[in-house]
Amino acid sequence: MPDYEIIERKWQTVWSDRKLNESERDERPKFMIIFAYPGVTGYLHVGHMRGYTYADAVGRYKRMTGYNVLFPVGTHATGNGAISLAARIAAGDENTIDYMIRNGCPPEKLEGELRDPLNVVRFFNDVYQEEYWKRFGFLADWRRFTCTLYPDYSRFMQWQFRKLNDAGLLIQKPYFAPACPSCGPVAVDPSETDLSKGGNAETQEYTLLKFRSGGEILVAATLRPETVYGQVCFWVNPEVEYVKVRNGGETWIVSPQAYDKLSHQMDGLERTGTVKGSDLVGRMCAAPMIHREIPVLPAEFCDPDVGTGMVTSVPSDAPDDWMSILKLKEDSSYAERYGVTKEMIDSVVPVSIISMKGYGEFPAQDIIERMGIIEAGDPRLEEAKKQVYKDGYHTGVMNDICGEFAGLRVEEAKDRMKQAMIDSGEADVFYDLSEEVICRCGRRVVIKKIDDQWFIDYGNEELTQRTSDHCRTMTINPVEYYNNVHAVLKWFRERACVRLGNWLGTKFPFDERWIIEAISDSTLYPVYYLISMYANDGRIAPEQMTEAFFDYAILGKGDPGTVSGECGIEEPLLRRIREDVLYWYPLDLNLGGKEHMTVHFPAFLKNHAAVLPPEMWPRGIMVNWYITGKKSKISKSKGGAQPIPGAAKRFGADGMRLYYAHVASPFADVEWDEDTLMSYSQRLDRIVSFVGDLASCKGPGTEMDAWLVSRMNAHVGTIRSAMEKYDLRQMATVAYFEIFNDFRWYQRRGGGDPGTISDCLRTWIKAMMPVTPHMAEEMWESAGFEGLVSEAQLPEAGERSVPAEYGEDLIREVMSDAQQIIKVTGIEPKRMVLYTSPSWKMKILGKALELQDEGELSIPSLTKACMSDQDIRAHGKAASDTARKTAEDMMRLPAGSMRPMFESDERAHLAAATGFLSGEMNLKAEVFSADDDGKYDPSDKAKMAVPGRPAIYLE
RNA sequence: GCGGGGGUAGCCAAGCCUGGCCAAAGGCGCAGGACUUAGGAUCCUGUCCUCAGCGGUUCGAGGGUUCAAAUCCCUUCUCCCGCACCA
């Protein structure tokens, strides 16, 4: 096994010394490509390299076809990922330390620098560049590297927000967001970046229903406000100590937990006292909407943590309620203990309110019976509830009893009834999480009302339309996304763009208490790569990046002299940056994982359309799917991480690049499988050693040279058209499989002309350069070619030789047919006799082609034409059969595809190959024409010969 | 629920948009052979059924359009993903 790392480092150094990765303006057409920069969340795994590799390979291909390519990279560090990682390191968290060490982090760093979040970001910026991207041979312009936490990047970001504001796209309104009382806003999502528990929770909108009882209001929270007409009683947990809360002129009674949650969402709440649940039981209260007095009954299932800790009871449609009432009626002793009278219990009678498909009067009862639930505490009640809720929502219609809402579908009634009660002061809105969510810091996450939240108004119709129209002109892969992106853009509404709390990120320019959030600061950044270089090398200081500077550099607004005076940047440099922007932008291709389809890409598109002029809007998007890890674990969260440098050492960076490029369509998930990767790695080794042998080949020129040249021309054509669509997989199939096989066939057939080999080998190695650049250089060098293949240009596809290719196809066909016969018969032939088509059949083919050219081909027309020819007619029924079959075949196949059969000299081809066939098949091969009088034909096989398919006799 | 994507030979995976050299690329696996060896080799051949290569039946299932369908249309079964502050 070669030491891949040494070879790879060698070429990386050469490229770097030649500054191949550094891109500057010149006369060539440009091509700018990026991948959506990764978030700095820790070590990446082998799956991530898939998309990045596509980007480098596409960039390299573009270089090879005449483009001046710019491929910049960066990282995204906004948020609290680095903060929490640093905190865990500082706390000495065992899992974290272990994870860091396992991925190659020097232990001493864990004792010191990595306890600071910004150092964590710096550390990983380095890891990503050095251990991943450079390690894989990317020709990225490292001078332009940027990170969302760089001060200069922040200046750019603030400028972008000023432009969004100028465009009228920043708006303010109240917002309810998950937040930790001490850490501020948190992201609730399955990745649990911010959380220690509850990533799957959803924010649910409850309707708070008010039940007047004396001078106080009992408050229940419900997800189903449309069921108020079915309320028959009210549940309170007698064991809970509820609190009294003054809310404006009202006194509310809710659980202490509910009070805590509500206080984050409503202003001016004041706790005034407590009341025991048991003291509430037995009272009557006025139900909202229906204005009927219903009894307050005791229920142990009322959880003070859920909703308000009190529940309104709608037994007709709530399985829980149904069961509880059933139980109460069977055994009233529990209720009576709290002073509930028999009359009260008897007064509780379910009311039918919703008719739904497949259910009777009381859906709750139906589902309970259907599922066979007989006890109040049955955990399946949860499932029953969901089922009734779902069916009710989609198929339910409100009954006549429901007043003005009678006849409405539940879907519609829900909102209208909720609104009606809010308007009449009988209800309010309350947000809660569907399950317990705990912040990284350990505190419980709540839903907090933010009064003056800033949003980017992505819902702006004009902007959406403009963006959508532009997308039709873009190259978007896969085509499914091209078609669907319009729906996504429409769906993508206003988005909260800033957040409070302890976060890494850019300060919001209009109010510095706010930090611009993670998605909003990563949409327009590709254009910043054209400026970052000048900040990185110190030619521009962040303070000099004023609004006027960006206005000029990016938008061309203002006069460079004036701007120079204003910001203090020298005028020539200003002009240079402006020229860079004009040259490189728009972005030609943005490549990102499928998770970007609904969030990043629409934001990326809309921001470009909002801030930049149309000629700077992006030209292409490519989405890649994932490498998943069922067979062997690759995910860092699973603990079985496969560090990227280790994999590269074992399989070779190029072996991995080839694996990514070829293992499947970019638009499908792939299971990480080391055996498969190994076979790609070995294939590459095999090619390298084969190429080494080829280069030293010194044989005579043969007819195979024309064939090989023709095949290479075909392959170059395929590669060029595949790469029009960025189809790396197709390119890799050609470069690593088809061309390889052709060279082998060439040699097997006796080809070995050094001139031909050298010409074709150049093209072959070039074809491999985009995907496996290091090995391509190695082969290029070992073949003695000049310069670097990374700097070479792919030739245009030349002419193909139809006869040469047809002749070889014929020989392979004959061999395959003969093998079939040998297999079926089981004989071990010593002699193979081939008979090419008799001339009269060839003549029929010729007539068929003529008719086809004239557009007159049909079975009768060909038969007629044949029968008027004496030579053909002489063969009687065989002639008409052949004519029919010929016409059928020709009409079935693409026009002209049978022409080579007619034009080539099959007999000569085969005769020239008898030596080869004899040797290959270990027998004596002979060729006759079916017309030959003296042919050896003991089994009368010659009559089967037709153009394109010689008859075969074996003995 | 809303939106999106799949189901192809033992396995992985192309093809489907733009119907026709598609019994369906390529890889893996398996079988036989060559070479000759300690290598996770390489080369050749085969790998739906039948069979001197003709032919037959296949591309989740069922219909339809067409001279012609894995490819277009409809129905159906089944699997997967996203739905918001995670690039």
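These figures come from a predicted structure and were not determined experimentally. (Residues numbered from 1 in each chain as written. Chains lettered and ligands numbered in written order. Predicted model: local features only at pLDDT ≥ 70, side-chain atom pairs only at ≥ 80, totals over all residues. Heavy atoms only, no water.)

## Considering the overall build of chain A
Looking only at helices and strands, chain A features 37 helices and 32 strands. A compact globule built from 955 residues would reach a C-alpha radius of gyration of about 30 Å, whereas chain A, at 38 Å, exceeds it by more than 25%. Taken over the C-alpha atoms alone, chain A extends approximately 120 × 80 × 55 Å along its principal axes. A buried classification covers 55% of the 955 residues belonging to chain A. Of the contacts made within chain A by residues no fewer than 6 positions apart, 76% connect residues no fewer than 24 positions apart. In chain A, 111 positive and 141 negative side-chain charges are present, and the distance between their average locations comes to 2 Å. (Helix = DSSP H or I, 4+ residues; strand = E, 2+ residues; numbered from the N terminus. Rg over C-alpha atoms; globule rule 2.2 N^0.38 Å. Buried < 20%, exposed > 50% of the residue type's maximum accessible area, 1.4 Å probe, protein only. Contact = heavy atoms within 4.5 Å. Lys, Arg positive; Asp, Glu negative; His and termini not counted. Charge placed at Lys NZ, Arg CZ, Asp CG, Glu CD.)

## Structural notes on the protein's contact with RNA strand B
Taken together, 55 residues surround RNA strand B, and among them Tyr-175, Ala-187, Ala-518, Met-678 and Arg-744 come closest. At 2.8 Å from a base nitrogen of RNA strand B is found a side-chain nitrogen or oxygen belonging to Arg-493. Between Arg-744 and RNA strand B, the recorded distance is 2.4 Å, taken from a side-chain N or O atom to a phosphate oxygen. Counting only elements with at least two residues in the surface near RNA strand B, the list comes to α17 (479–491), β23 (495–496), α25 (674–695), α27 (728–748), α30 (802–825) and β32 (951–954). Tallied by class, residues from the surface near RNA strand B come to 22 nonpolar, 14 polar and 19 charged. (Near = heavy atom within 4 Å. Polar contact = N/O pair within 3.5 Å; in protein donor to acceptor, adjacent residues only side chain to side chain. Nonpolar A, V, L, I, M, F, W, Y, C, P; charged D, E, K, R; others polar.)

## Here's the deal with unusual backbone geometry
Across the junction of Asn-477 and Pro-478, the peptide omega takes the value 0 degrees, indicating a cis bond. Take Pro-478: it is sitting in the loop between β22 (475–477) and α17. In the segment running from Tyr-585 into Pro-586, the intervening peptide bond is cis, with an omega of 10 degrees. Within the fold, Pro-586 resides in the loop between α21 (571–584) and β26 (589–593). With a phi close to 55 degrees, Lys-19 is a non-glycine residue in the positive phi region. Tracing the backbone through its elements, the reader meets Lys-19 in the loop between α1 (4–17) and β1 (30–35). One non-glycine residue, Met-289, lies in positive phi territory at about 70 degrees. Tracing the backbone shows Met-289 in the loop between β14 (284–286) and β15 (293–298). The class for Met-289 is buried, based on a relative accessible area of 14%.

## Digging into the packing of helix α16 (residues 461–471) against helix α22 (residues 600–611)
One way to put it is that α16 packs onto α22 with a least axis distance of 9 Å and a crossing angle of 110 degrees. One finds that α16 runs roughly perpendicular with respect to α22. Residues Leu-463, Thr-464, Arg-466, Thr-467 and Cys-471 of α16 touch α22, and the partners they reach there are Leu-605, Lys-606, Ala-609 and Ala-610. Of the residues that constitute the contact of α16 with α22, the class distribution is 5 nonpolar, 2 polar and 2 charged. (Axes fitted to C-alpha atoms, helices over the stretch in contact; angles between N-to-C directions. Parallel < 35°, antiparallel > 145°, perpendicular 65-115°, else oblique.)

## A closer look at the sheet that holds β1
Taken together, 5 strands build an open sheet; the order of strands is β2-β1-β26-β27-β22 and the sheet is parallel. This sheet does not close on itself; its edge strands, each paired only once, are β2 (68–70) and β22. On average, each strand axis in the sheet is tilted by 15 degrees relative to the strand beside it, whichever way the strands run. With 3 bridges joining them, β1 and β26 adopt parallel strand pairing. What sits directly across from Phe-35, in β26, is Leu-591. Strands in contact with α17 are β22 and β27 (620–624); relative to β22, the strand with the most contacts, it is inclined by about 110 degrees. (Pairing = 2+ DSSP bridges.)

## Some points on the sheet that holds β32
Two strands in a sheet stick together by hydrogen bonds in their backbones, pointing the same way (parallel) or opposite ways (antiparallel). Strand order in the open sheet made by the 3 strands is β31-β30-β32, with mixed pairing throughout. Among the strands making up the open sheet, the edge pair consists of β31 (924–929) and β32. Taken pair by pair, the neighbouring strands of this sheet meet at an average axis angle of 20 degrees, ignoring direction. Summarising the sheet, strand β30 (residues 831–836) and β31 pair through 6 bridges and their orientation is parallel.

## Notes on the environment of Phe-430
Locating Phe-430 in the fold gives a position in strand β19 (residues 427–433). Among the residues examined, Phe-430 registers a relative accessible area of 1% and is labelled buried. Not counting chain neighbours up to four residues away, the residues in contact with Phe-430 comprise Gln-204, Glu-205, Tyr-206, Leu-208, Ala-221, Lys-261, Leu-262, Gln-265 and Gly-307.

## Quick word on the confidence of the model for chain A
Close reading of the predicted structure is inappropriate where its pLDDT is low. Looking at chain A, pLDDT values average 88 and 97% of them are 70 or higher. Across chain A, the element-wise mean pLDDT spans from 73 in helix α14 (residues 380–395) up to 98 in β2. Counting contacts from residues 635–641, a segment whose pLDDT is below 50, to residues more than four positions away or on other chains yields 16 contacts. Model confidence for the complex: the whole-complex pTM is 0.87, and ipTM, which rates the interface, is 0.91. (pLDDT = per-residue confidence, 0-100.)

## Re the environment of Tyr-806
Secondary-structure assignment places Tyr-806 in helix α30. Sequence spacing of Tyr-806 and Glu-906 is 100 residues, and the spatial spacing of their C-alpha atoms is 9.3 Å. With residues near it in sequence (within four places) discarded, Tyr-806 still touches Pro-900, Met-901, Ser-904, Glu-906 and Gly-948.

## Here's the deal with the side chain of Thr-312
Topologically, Thr-312 is positioned in strand β16 (residues 310–313). A distance of 2.6 Å separates polar atoms of two side chains, one belonging to Thr-312 and the other to Gln-231. Beyond its immediate sequence surroundings of up to four residues, Thr-312 is in contact with Leu-209, Phe-211, Ala-220, Gln-231, Cys-233, Phe-234 and Asp-321.

## Digging into the side chain of Asp-141
With respect to the helices, strands and loops of the structure, Asp-141 is situated in the loop between α6 (117–134) and β4 (146–147). Judged by relative accessible area, Asp-141 falls into the buried class, the value being 0%. Here Arg-143 takes part through its side chain, which lies 2.9 Å from a polar atom of the side chain of Asp-141. Discounting chain neighbours no more than four positions away, the residues touching Asp-141 are Asn-21, Glu-22, Ser-23, Leu-70 and Phe-71.

## Looking at the packing of aromatic side chains
Following the criterion strictly, the structure yields 52 aromatic pairs and no others. Aromatic side chains Phe-508 and Phe-510 sit 5.6 Å apart centroid to centroid with 75 degrees between the ring planes, which places their arrangement in the edge-to-face category. Between Trp-745 and Phe-916, the ring centres sit 5.8 Å apart and the planes meet at 85 degrees, which makes this aromatic pair edge-to-face. Taken together, the positions of Trp-745 in helix α27 and Phe-916 in helix α37 (residues 914–921) put the pair 171 residues apart, joining distant regions of the chain. (Phe/Tyr/Trp six-rings, centres within 6.5 Å; stacked < 30°, edge-to-face > 60°.)

## Some points on the nonpolar core
Core analysis: the largest hydrophobic core is formed by 152 residues, its most contacted members being Trp-133 and Trp-764. Ranked by the residues each element gives to this core, the list is headed by α27, at 12 residues. Among the nonpolar cores identified, the runner-up in size contains 73 residues, and Leu-169, Tyr-534, Ala-603 and Val-611 belong to it. (Core = buried A, V, L, I, M, F, W, Y, C linked by side-chain atoms within 4.5 Å.)

## A few points about the environment of Val-410
By the element assignment, Val-410 lies in helix α15 (residues 410–423). With relative accessibility at 0%, the residue Val-410 sits in the buried group. Residues Val-410 and Gly-392 lie 18 residues apart in sequence; the distance between their C-alpha atoms is 6.8 Å. Filtering out sequence-adjacent residues up to four positions away, Val-410 remains in contact with Glu-226, Ile-354, Gly-392, Tyr-393, Gly-396, Val-397 and Met-398.

## Things to note about the pattern of salt bridges
Scanning all chains against the criterion turns up 62 salt bridges. A salt bridge links Asp-580 to Arg-25, with the shortest nitrogen-to-oxygen separation between them at 2.7 Å. Of this pair, Asp-580 sits in helix α21 while Arg-25 sits in the loop between α1 and β1, and the two are 555 residues apart along the sequence. With relative accessibility at 33%, the residue Arg-25 sits in the partly exposed group. One salt bridge in this structure joins Arg-800 and Glu-805, with 3.0 Å as the shortest N-O distance. Taken together, the shared-partner salt bridges in this structure form one network comprising Glu-22, Glu-24, Asp-141, Arg-143, Arg-144 and Arg-576. (Salt bridge = Lys/Arg side-chain N within 4 Å of Asp/Glu carboxyl O.)

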